[in-house]
Amino acid sequence: MLTIRSVPTCHSVSDLFQAIDTSDPSKYYKSGELPVSIPKGISTSSPIGTNLFYANLFLGDQSSMVWTYPYGFYWAKDKYGFAVQHTDPDRRVFGNKNSNGGSEYYYNPILLGEIIFSATRLSKSNNHLSVSDMTQMSANVKLSPDSGKSDNYIELPLVHGMGFATSIYHGDLKARLSTVFAFQTIVKETVASSNNRLVKYRVKLNLGAEWLLFVTLPSKDDSFKLLIQGSDLVANKAVDGLIIQAAFAPSDSSLDNYYYETAGQYVTDAQIEGSIACTSANYKFAYSTKGSSIANKPIIFALPHHLQTLDSSVTTQSTGIQLESTVKGTMHGFLTDALSFSETVNNQIQFLPWVQGMGTSATYSTKQLKLIHETAIKEISGVDIPLTILSVKSTYSMGKLADKYAYILYVLNDIVKDEAAAKSLLKSLKEYYAAWFKNTGIGYPLMHDTKFGGVTSTANNNGDTGADFGSGFYNDHHFHYGYHVHAAALIGHVDKQFGGSWADDNKEQVNMLVRDVANPSKNDKYFPVFRLFDWFQGHSWAKGLFASGDGKDEESSSEDYHFYYGMKLWGNVISDNAMEARGDLILKIMSRAMNSYMLYSSDNTVQPPSIIPNKVSGILFDNKIAYTTYFGQNTEYIHGIHMLPITPASGLIRGANFVKEEWESIISGIIDSVNSGWTGILRLNEALYDGKSSYKFFSSDSFKSSLLDDGQSRTWSLAFSAAVANSQL
């Protein structure tokens, strides 16, 4: 028996969000602008978060909804205002039951503005939207009757988790509030208070919903009123600096006081801060505020996965107020200006095969090593690896192939110890990367996009928006670049053992891919901060520059975490401790979020019960969950896209109990009828709970390579499943 051990990394990093690099992408990639127009009024003073929550505000006709959680917003052009709505779980629409016994989908009604912030001067022809200060967790919206720069506008900050929908009136605008329903009653409620500038109203809509409105005046003014005028609520005068805030009324009116005591203050942004000491990480969303309130703190709502690691400094400030989110369960309100978290990362996840409970070693029998070695040699014999990879046009497909052969390289060097074969394969992989990085004569060359800020594919520049899965317009960059970054980490890891400097020599270009997806610092002026990973949601959004009625979405949870696993390993190889630790933290956050919102064990209490039998989300949108994929409805597609590729990171996210449940309730019923590359994905996923059965499949004398995904090798499948099987003896 051969036992191979890995060494857990243990770093102390005081600032997890320091810049990776600030080099100019045009050093390697030709600069140009994507053929996607940016509407007038959208700030381009800094890189734009193409995949972040507010993107619908500058895409399409700019009227699709955006969600800050718990509220949803949209530009209500027909009502000349900016609308807010809450999520009512009783109004959700569920699809028919499928063969799993679960609903095919569920979604929430959209574009039902319960409160619409407007002004009497806003009209069909005088209704101009602008968006500025777009950061990882916020954007600042303005509506004005005047085009161009004006002193007359309504300001509406949008920030993840904010407890109020806030509007600030500037200039001589007279406030007007409307609704797509009807205002049934408006009652001014008297509250004993030290704030004589604050007025509270209770508004009831004809559908039965009640909202609280809080009006904060710059100075005391007993003459100010909101009055029903026709179908609207209209202020009796214009007040420069007027603040009107709306919150869905708690069913327990005794909780209203929390809103009253925080009214007049509003959040404008949230910065992500964090540090780590070995496996103990502390991070927080630090909210910036304006205005003032009695409590001197805002209300911030937290999602279910946040509650698992919130510091006691926050949990002791619970208001008891709960609001439903669209697809992520019940949110809880806290009186705080920071959501602070204490997390324990898992530093055992390195290069070696790993699942929960394995520790830091992998063991192989002589017979297993012989089969793995023979298989590796067979899979690379007679293959022109650079040509094979470069012959496919797609950045995504090239990445999968590069990662496939890089894993064979790793197994040859670190597990079966064939130095000669490893060196030969290493040379071939270096040749591929040299050609790809040269960026000429390849399927879809990359470009430095100066319009939105990024390094992206030229695949869609000629009008075919579906080419390469829309990657040119920032779809799926974490999927596409994740394979390349992970492969680069494996190559760099092996090359170092031979005394090479490949990782250092190519660090700037690999880092360019990391920066495009996961730039951690605004000091890097070439890329938005965390284009795809949403720190508040705990996972990434794959949809780029495409408007969507149900908001951003993500199909493949596994290719999402594969990027951050690859980033973690790349950080290890280049000795970027902050990058490696950041990867560890993101993976742990993902394990919590994905098992709440995308992967459904039987004990999941976040999602509606009718969704749980599906075991996976399919496609998770901001506002919808649809048990399907973008490329077909086969069961193996829907589940397999949440599995591939299977790596040590899979063991952290996809726990043995979940995988066992999914296998026994769904996969076992289809596995014998699936005869495609998805078979290999399903079978290697089986190793996460049953290594013995998985290894038996891949080691069979009758095994057929046609059952492997194009990014999967039998070599890695044997190495992974054997190590897991031996650990389960």
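Only a predicted model underlies this, so the values are computations on that prediction, with no experimental measurement involved.

> Would you mind going over the state of the cysteines in detail, with residue names and values included?
Within this structure, the stated rule accounts for 1 disulfide. Disulfide pairing places cysteine 10 opposite cysteine 278 at an S-S distance of 1.9 Å. On the sign convention where negative means left-handed, the S-S torsion of about -135° between cysteine 10 and cysteine 278 marks this disulfide as left-handed. With cysteine 10 in the loop between β1 (2-5) and β2 (12-13) and cysteine 278 in the loop between β21 (265-277) and β22 (280-291), the pair connects residues that are 268 residues apart, well separated along the chain.

> Tell me about the nonpolar core, and name the residues and values.
Counting residues in each nonpolar core, the largest one holds 243 residues, and the members touching the most others are Tyr259, Trp535 and Trp570. Discounting residues that sit within four places of it in the chain, tyrosine 259 has contacts with Tyr71, Gly163, Phe164, Leu212, Phe214, Ala247, Phe248, Pro250, Ile299, Phe301, Ile321 and Leu323.

> Describe the domain arrangement of the chain, and please don't skip the residues or the numbers.
By domain assignment, the chain separates into domain 1 (36-263), domain 2 (269-344) and domain 3 (346-728). Summarising the inter-unit geometry, the C-alpha centres of domain 2 and domain 3 are found 31 Å apart. Between domain 2 and domain 3, the contact holds 23 residues from the first and 24 residues from the second. Interface of domain 2 and domain 3: buried area, both sides summed, is about 1900 Å²; carbon and sulfur atoms make up 62% of it. Ranking the residues of domain 2 by area buried against domain 3 places His305, Val327 and Lys328 at the top, with a combined share of 34%. One can count 2 salt bridges joining domain 2 with domain 3. With a shortest N-O distance of 3.5 Å, glutamate 343 and lysine 588 are connected by a salt bridge. Sorting the residues of the side of domain 2 that touches domain 3 by element identifies β21, β22, α2 (304-307) and β26 (338-344) as the ones contributing at least two each. Of the residues forming the side of domain 2 that touches domain 3, the biggest block, 4 residues, is contributed by β22.

> Quick one: what's the story with the UniProt feature "domain: Glycosyl hydrolase family 81 C-terminal" (unreviewed entry) in the chain, residue by residue and with numbers?
In this structure's numbering, the residues bearing the UniProt feature "domain: Glycosyl hydrolase family 81 C-terminal" (unreviewed entry) are residues 364-718. Annotated as 52% helix and 6% strand, the span residues 364-718 places its first and last C-alpha atoms 10 Å apart.

> Lay out the sheet that holds strand β24 (residues 318-324) with the relevant residues and their values.
Taken in spatial order, the 3 strands line up as β23-β25-β24 in an open sheet, and their pairing is antiparallel. This sheet does not close on itself; its edge strands, each paired only once, are β23 (299-302) and β24. Going from strand to strand, the sheet's axes swing by 30° on average, the running direction of each strand aside. Relative to strand β25 (residues 330-335), β23 runs antiparallel, the two being bridged by 4 bridges. Its bridge partner lying in β25, phenylalanine 301 is registered against glycine 333.

> Pulling in residues and values, what's your account of the packing of aromatic side chains?
The geometry of an aromatic ring pair is captured by two quantities: the separation of the ring centres and the angle between the planes. Counted by the stated rule, this structure contains 40 aromatic pairs. Members of the aromatic cluster, joined through ring pairs, are Phe17, Tyr283, Phe285, Phe341, Phe530, Phe533, Trp535, Phe536, Phe563 and Tyr564. In this structure, lysine 142 is placed above the aromatic ring of tyrosine 153, and the distance from its NZ or CZ to the ring centre is 4.7 Å. Over the ring of tyrosine 597 we find lysine 328; its NZ or CZ atom is 5.5 Å from the centre of that ring.

Rules used in this analysis
- Residues numbered from 1 in each chain as written.
- Predicted model: local features only at pLDDT ≥ 70, side-chain atom pairs only at ≥ 80, totals over all residues.
- Heavy atoms only, no water.
- Disulfide = S-S within 2.5 Å.
- Helix = DSSP H or I, 4+ residues; strand = E, 2+ residues; numbered from the N terminus.
- Core = buried A, V, L, I, M, F, W, Y, C linked by side-chain atoms within 4.5 Å.
- Buried < 20%, exposed > 50% of the residue type's maximum accessible area, 1.4 Å probe, protein only.
- Contact = heavy atoms within 4.5 Å.
- Domains from an automatic or database assignment.
- Buried area = accessible area lost by both parts, 1.4 Å probe.
- Salt bridge = Lys/Arg side-chain N within 4 Å of Asp/Glu carboxyl O.
- UniProt positions renumbered as here; feature names shortened; annotations may be inferred.
- Pairing = 2+ DSSP bridges.
- Axes fitted to C-alpha atoms, helices over the stretch in contact; angles between N-to-C directions.
- Phe/Tyr/Trp six-rings, centres within 6.5 Å; stacked < 30°, edge-to-face > 60°.
- Lys NZ or Arg CZ within 6 Å of the ring centre and 35° of its normal.

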